[in-house]
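A look at the structure
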Amino acid sequence: MNELEEYFYGNPGRQIFKWHHYFEIYDRHFKRFRGKEIVVVEVGVFQGGSLQMWRKYFGPNAKIYGVDINPRVADLKEENIEIIVGSQSDRDFLKRLKNELPAIDILIDDGGHKMKQQIFTFEELFSKIKPDGVYVCEDVATSYKLGYGGGYKRMGSFIEFSKSLIDRLNAFHSEQRWFQPDLFTKSMDSLHYYDNVVVIEKRPRLNPPIASKTGKPVFEDDKLSTTKNLAIKFLYFLNSILQFFRLPSFKLNR
C-alpha cells in the first residue's frame with residue numbers, strides 16, 4: 001500500500017472519491033515530483049478532499065489549484081490550495097485559465113467527464129504543462145457511455161480522440177508528407193492507457209536514434225544507402241496510390 005492509499009483509507013480531511021486502482025497509477029507517475037516546488041492543477045474539486053491529499057503527498061513546496069464550475073467550492077481555499085471557478089466546457093474560460101496559471105507540472109482532469117469537456121481541456125491546457133510534466137485524464141469510461149456523449153467507436157469520444165495521439169507519438173517514422181511530426185510529437189515521451197485512465201508524460205524529443213553494434217547512435221535513414229532510401233520511398237508513394245484505387249500493392253522488404 002503506497003502513501004496515497006494510506007491517506008485515502010485513513011482520510012483525516014474532506015471526502016475523496018477515487019477508484020481504488022488509481023492510487024497505484026498516481027504513485028507510479030507522480031512520485032518523482034514529491035518534495036519539489038511544483039504546480040498541480042486538478043479539474044473537478046468535489047468536496048476538496050483530493051486537493052488536501054495532493055498537498056500532503058507532494059509536500060509543502062507544492063502549489064495546488066482546484067478548478068470547478070460550482071461557485072460553492074471557492075470556500076475550500078486553504079494554505080497552498082487555490083480555487084478557480086469556471087467551466088471546462090467553455091474554451092474562453094480555459095484560454096483565460098491558461099494565461100493566469102503558472103506553468104503546470106501535473107494536470108489531472110477529474111471534471112465533468114463529458115467528451116467536449118475532456119477534449120477541450122486537453123487541447124487548451126496541454127501546452128501549459130512543463131516539458132517534463134504529466135497529464136492525466138480520469139474516468140475515461142464515459143467514452144463508452146451514451147449519456148456523456150460517448151459510445152463504443154463513437155466519433156468524438158475522448159478515447160477515439162486519444163487514439164490519434166498514438167499516431168502523433170510515432171509520427172517521426174511516417175514516410176507520408178501529409179503526416180509528419182508536430183509540436184505534440186516533439187513534446188510527448190509516452191502515452192499510457194489504464195482501466196478508466198489515460199496518462200501522458202511529456203519530454204522534448206527529436207527524431208529518435210536506434211542503437212548500433214558500435215555503440216554509435218544510428219538514425220533510421222542512415223541504415224540504407226541514399227539510392228536505396230529514395231527507391232523505397234518511391235515505392236511507398238506508389239503503394240499509397242495503388243491502395244487508394246484498391247489495386248494490388250508491392251511487397252516491400254527492407
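Look above for the structure.
As a starting point, this report considers the structure included with it. Think of each chain on its own: its residues are numbered from 1, step by step along the sequence as written. Restriction of local features to residues with pLDDT of at least 70 applies here, the model being predicted, together with a cutoff of 80 or more for giving and counting side-chain atom pairs; totals for whole chains, interfaces and linings are based on all residues. Just so you know, side-chain values use all the structure's heavy atoms and leave hydrogens and water out.

1. Quick notes on a nonpolar patch on the surface
Selection criterion: Excluding any residue in a salt bridge, patches collect residues exceeding 30% relative accessible area, merging like charges within 9 Å and nonpolar Val, Leu, Ile, Met, Phe, Trp and Tyr side chains within 5 Å. To measure how exposed things are, a 1.4 Å probe is used in the Shrake-Rupley method; for residues, cover is taken only from the protein chains shown. Only one rule defines a salt bridge in this text: a Lys or Arg side-chain nitrogen within 4 Å of an Asp or Glu carboxyl oxygen. In this text, helices come from DSSP runs of H or I with a minimum length of four residues, and strands from runs of E with a minimum of two, each type numbered from the N-terminal end. Only protein chains enter the area calculation, which uses a 1.4 Å probe; residues under 20% of their type maximum are buried, those over 50% are exposed, and those in between are partly exposed.
A grouping of Phe-17, Trp-19 and Phe-46 is seen on the molecular surface, where their side chains present a nonpolar patch of about 390 Å² in accessible area. Considering the arrangement of structural elements, one finds Trp-19 in the loop between α1 (3-9) and α2 (22-30). The exposure class of Trp-19 is partly exposed, given its relative accessible area of 47%.

2. Concerning unusual backbone geometry
Positive phi outside glycine occurs at Asn-80, with the angle close to 65°. Mapped onto the secondary structure, Asn-80 falls in the loop between β2 (63-68) and β3 (81-85). What makes Asn-80 partly exposed here is its relative accessible area of 22%. Look at Asn-196: it is not a glycine, yet its phi comes out positive at around 75°.

3. Focus on the environment of Tyr-57
Condition: Residues adjacent in sequence count toward polar contacts only when both atoms are side-chain atoms; beyond that, a polar contact is any pair of N or O atoms within 3.5 Å, and within protein one must be able to donate a hydrogen and the other to accept it.
Position of Tyr-57 among the secondary structure elements: in helix α3 (residues 49-58). Among the residues examined, Tyr-57 registers a relative accessible area of 4% and is labelled buried. Tyr-57 sits 22 residues away from Gly-35 along the chain, and the two C-alpha atoms are 8.5 Å apart. Engagement of the side chain of Tyr-57 in a polar contact is seen with the side chain of Asp-27, the distance being 2.6 Å.

4. Quick look at the side chain of Ser-174
We apply this condition: Contacts are residue-level and defined by heavy atoms, with any inter-residue pair within 4.5 Å sufficient.
Inspection of the secondary structure puts Ser-174 in the loop between α6 (158-169) and α7 (183-187). We classify Ser-174 as buried; its relative accessible area is 17%. A polar contact is formed between the side chain of Ser-174 and the backbone nitrogen of Gln-176, at a distance of 3.2 Å. Contact partners of Ser-174, with chain neighbours within four places excluded, come to Phe-179 and Gln-180.

5. A word on the side chain of Asp-68
Our working rule: His is not counted, nor are the chain ends, whereas Lys and Arg count as positive and Asp and Glu as negative.
Relative to the helices and strands, Asp-68 resides in strand β2. Summary of buried charges: Asp-68 has no salt-bridge partner, and the nearest side chain of opposite charge, Arg-72, is 10 Å away. Side-chain polar atoms of Asp-68 contact the backbone nitrogen of Val-45, separated by 2.8 Å. Setting aside its immediate chain neighbours within four residues, Asp-68 contacts Gly-44, Val-45, Phe-46, Val-73, Ile-84, Val-85 and Gly-86.

6. What about the packing of aromatic side chains?
Defined as follows: What counts as a ring pair is set by centres within 6.5 Å for rings of Phe, Tyr and Trp (its six-membered ring), and what kind of pair is set by the plane angle: stacked under 30 degrees, edge-to-face over 60, tilted for all other angles. Here, over-ring charges are defined by two tests on the NZ atom of lysine or the CZ atom of arginine: distance to the ring centre within 6 Å, and angle to the ring normal within 35 degrees.
Considering all chains together, one arrives at 18 aromatic pairs under this definition. On the basis of an interplanar angle of 75° and a centroid distance of 5.7 Å, the ring pair of Phe-122 and Phe-161 is categorised as edge-to-face. On the criterion of sequence distance, the pair formed by Phe-122 in helix α5 (residues 115-125) and Phe-161 in helix α6 is long-range, its members being 39 residues apart. Overall, the relative accessible area of 5% leaves Phe-122 in the buried class. For the ring pair Phe-126 and Tyr-135, a centre distance of 6.2 Å and an interplane angle of 80° mean the geometry is edge-to-face. Look at Tyr-135 and you get buried, because its relative accessible area is 0%. One residue, Lys-202, lies across the ring of Phe-126, its end atom 4.6 Å from the ring centre.

7. Here's the deal with the pairing of strand β4 (residues 104-109)
Quick note on the threshold: One bridge is not enough; two strands pair if DSSP finds at least two bridges between them. Here, the term right-handed applies to a crossover whose path from the first strand over the helix to the second runs clockwise when the strands point away from the viewer.
With six of its six residues buried, β4 lies for the most part within the structure. When strand β1 (residues 39-43) meets β4, the two strands line up parallel, connected through four bridges. Each residue of the ladder has a partner; that of Val-41, found in β4, is Leu-107. Where β4 lies against strand β5 (residues 129-138), five bridges are found, and the strand directions are parallel. Bridge assignment links Leu-107 to a residue of β5, and that residue is Tyr-135. Handedness of the β-α-β unit built from β4, α5 and β5 comes out right-handed.

The analysis is restricted to geometry; functional conclusions fall outside its scope.
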